[in-house]
Amino acid sequence: MYPPPPPAPHRDFISVTLSLGQSYDGSKSWRRRSCWRKWKQLSRLQRNVILFFLTFLVLCGLLSYISVADQWRAVDGRSAEERKARPADPPVLPAPQKADANPENSPGLLPQKPQRHFRRGPPNLQIRAPDKDSKDRRQDDTRRRDEVVGDARQEESTQRTVVSWRGAVIEPEQGTEPPSRKAEGPPTKPSSQAAGIQNQPASPNERQRAVIDAFRHAWTGYRKFAWGHDELKPVSRSFSEWFGLGLTLIDALDTMWILGLKKEFEEARKWVSKKLRFQKDVDVNLFESTIRILGGLLSAYHLSGDDLFLRKATPSRIPYSDVNIGTGAAHPPRWTSDSTVAEVTSIQLEFRELSRLTGSKKFQEAAEEVTRRVHSLSGKKDGLVPMFINTHSGLFTHMGVFTLGARADSYYEYLLKQWIQGGKKETQLLEDYLEAVEGIKRHLLRRSEPRKLTFVGELAHGRFSAKMDHLVCFLPGTLALGAHHGLPADHMELARALMDTCYQMNRQMETGLSPEIVHFNLYPQSDRKDVQVKPADRHNLLRPETVESLFYLHRLTGERKYQDWGWEILQSFNKYTRVPSGGYSSISNVQDPLNPQPRDKMESFFLGETLKYLYLLFSDDPALLSLDAYVFNTEAHPLPIWAPPRVG
């Protein structure tokens, strides 16, 4: 027998045989056969899922194309209508004179990439809309826009309520009436002239020219690096967005008109006409949108007589609630159900004026319902109100805490200014204001050491704090305005004392600029000043409140020292906050003149309020935006005081 054959040797490789003439050549036909083979290898379920997904993508693409096409057709239609529009009335104020010198030309810069911007501040506001469904509101908005545009082009053929620009105090017995609540009337136009304002504006004096120079420098930076965006970041030569609605540009419209900057005003008007659109998927804060955007557009309309600004003010959804400005969908604040009292009670001037201009009473009714609600609430202390209100229950929260600073300040301001706006007929507003002033005197006033400065502190559950926000420096001007309109003379005395204090809040700082918050020294100590500042409070945001009150005090007393104090503040802004490439920046340390630490932020209110009040402060003409004809909203946008209707 033969032995068995030996086993085959183990091989560690694989042998592959390629047929001749069938090698892979990368051709499309080979790839198609390969893909088809893989497709056939899939199960029926897998193939159905893939087909369904592809069909869904195709349908979405078609729907998106239809929606975009409709929007572009609507935009083209609006643009054509705006190109045909012309101002229906001559301007209320004389047209600004051509600037003596043009600002530096803007170099061709690449657009800056927007950076995500988070704003520290109070929660967004939620006010319930009038009891109408969304469809009714949209139909009513469309009808109102048609009425405003149509009536703005008609000659005055019927009797209507008009604005009187006479520089006289308007008393209740004159018969001034708010917009009718019985029926919606036609929109009101600005009057054809402003009595007491010269046909040609007076040449600006030296200090006013310095304000114009500051404005041009700020505007040059905005135009170079942030055009059409919300706010300038002057140090990084970029911009930040909040609403994406050109806040700085809109806030500055009436300032440019008042300063006589015709070229800059026309440039901004063109942007408003062509670029300002409210069809944006963005949530806006009702309070800030109202005082800056709505207030800015209404003021620009009144001063220039250009109905473009009224048309832009009316189609937005701002008047309803805290909303997505594109979709109109309202929602409560995302992180809390509380809103600040200042937010819910500082939109009334603008909404009331919008109703008067459009003849649509719903704006005024929605805002005044909030005023009536706050008036009836319990939890006040001698007219002082808590800082927060719950948007669901409508009741005050955080009871026992009272301040005239952030979150409550403009509540008191708007009580007085609504009373003035309406012709001094709404006695409930006046009573609430007078009671609040007495509450301030009784609970919040103290004197510091060693200079005996009168200041307004805060009260928390019966415990007094010597803390005062720079925001409180609105109060001297408000008190003086009330005294001018016939309120007790001791209001003016308190206004003078508080004005001295606000000046010292600037004067005692090494840069001459006030910090955001100060604490006052209550006890005599030889080595301590009246004004004390904590490290976290040393920043300055270019705020207007001090120069706002200086404007009122000078306008109503004629004392030159208030102009001199404002001039010192303007020089400090130029020395410590001016950025060479354009713009002004907030700073982090008002106590360090060698390194004030720029924060790279120019708030829109620097152009809308601070520089405007400085320009008016340096004017010696009491007829320039007379306080008997205009009332300023809390963003310094002048709105007309209502006059009696014409007879015959």
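Keep in mind that this is a model prediction, so the values were computed, not measured.

Its 14 residues give helix α7 (residues 262-275) an end-to-end C-alpha distance of 20 Å, which sits within 8% of 20 Å, the value for a rise of 1.5 Å per residue. Within the sequence span of α7, burial applies to Glu264, Phe265, Ala268, Arg269, Trp271, Val272 and Ser273.

Moving on: the state of the cysteines. Following the criterion strictly, the structure yields 1 disulfide and no others. The side chain of Cys473 participates in a disulfide bridge whose partner is Cys502; the two sulfur atoms lie 2.1 Å from each other. Negative torsions about the S-S bond denote left-handed disulfides, and the value of about -105 degrees found for Cys473 with Cys502 makes this one left-handed. Separated by 29 residues along the polypeptide, Cys473 in the loop between β11 (467-469) and α15 (475-484) and Cys502 in helix α16 (residues 489-507) bring together distant segments of the chain. Both residues of the pair, Cys473 and Cys502, belong to the buried class.

Pro450 follows Glu449 through a cis peptide bond whose omega is 5 degrees. Summarising the element assignment, Pro450 is placed in the loop between β7 (445-447) and β8 (454-456). Positive phi is not limited to glycine here, since Asp600 has a value of about 60 degrees. Secondary-structure assignment places Asp600 in the loop between α18 (561-576) and α19 (605-617). Classification of Asp600 by relative accessible area gives buried; the value is 15%.

Looking at where Ala636 falls in the secondary structure, it is placed in the loop between β14 (630-632) and β15 (638-640). When its relative accessible area of 0% is taken as the criterion, Ala636 is described as buried. Considered as a pair, Ala636 and Thr610 are 26 residues apart in the sequence and their alpha carbons are 8.6 Å apart. Non-local contacts of Ala636, meaning those with residues more than four positions away in its chain, are made with Asp254, Gly608, Glu609, Lys612 and Tyr613.

Further remarks concern the nonpolar core. Ranked by size, the top nonpolar core spans 147 residues in total, and within it Leu253 and Leu404 carry the most contacts. Those residues in contact with Leu253 that lie beyond four places of it in its chain are Phe265, Ala268, Val272, Leu297, Ala300 and Phe309.

Applying the stated criterion to the full structure yields 25 salt bridges. Note that Arg292 is salt-bridged to Glu288, the shortest N-O span being 2.8 Å. Here Glu288 and Arg292 lie together in helix α8 (residues 286-304), a separation of 4 residues that amounts to about one turn. Across the pair, exposure class does not vary: Arg292 and Glu288 are buried alike. Two residues, Glu369 and Arg372, come together in a salt bridge whose shortest N-O distance is 3.1 Å. Placement of the pair is Glu369 and Arg372 together in helix α12 (residues 362-376), with a separation of 3 residues, close to one helical turn. The exposure class assigned to Glu369 is partly exposed, which follows from its relative accessible area of 43%.

Moving on to the side chain of Thr371. Checked against the element boundaries, Thr371 lands in helix α12. On the basis of relative accessibility, which here comes to 17%, the residue Thr371 falls in the buried class. There is a polar contact of 3.3 Å between the side chain of Thr371 and the side chain of Gln348. Setting aside residues no more than four positions away along its own chain, Thr371 makes contact with Gln348, Gln418 and Leu429.

Rules behind the numbers
- Residues numbered from 1 in each chain as written.
- Predicted model: local features only at pLDDT ≥ 70, side-chain atom pairs only at ≥ 80, totals over all residues.
- Heavy atoms only, no water.
- Helix = DSSP H or I, 4+ residues; strand = E, 2+ residues; numbered from the N terminus.
- Expected span 1.5 Å × (residues − 1).
- Buried < 20%, exposed > 50% of the residue type's maximum accessible area, 1.4 Å probe, protein only.
- Disulfide = S-S within 2.5 Å.
- Contact = heavy atoms within 4.5 Å.
- Core = buried A, V, L, I, M, F, W, Y, C linked by side-chain atoms within 4.5 Å.
- Salt bridge = Lys/Arg side-chain N within 4 Å of Asp/Glu carboxyl O.
- Polar contact = N/O pair within 3.5 Å; in protein donor to acceptor, adjacent residues only side chain to side chain.

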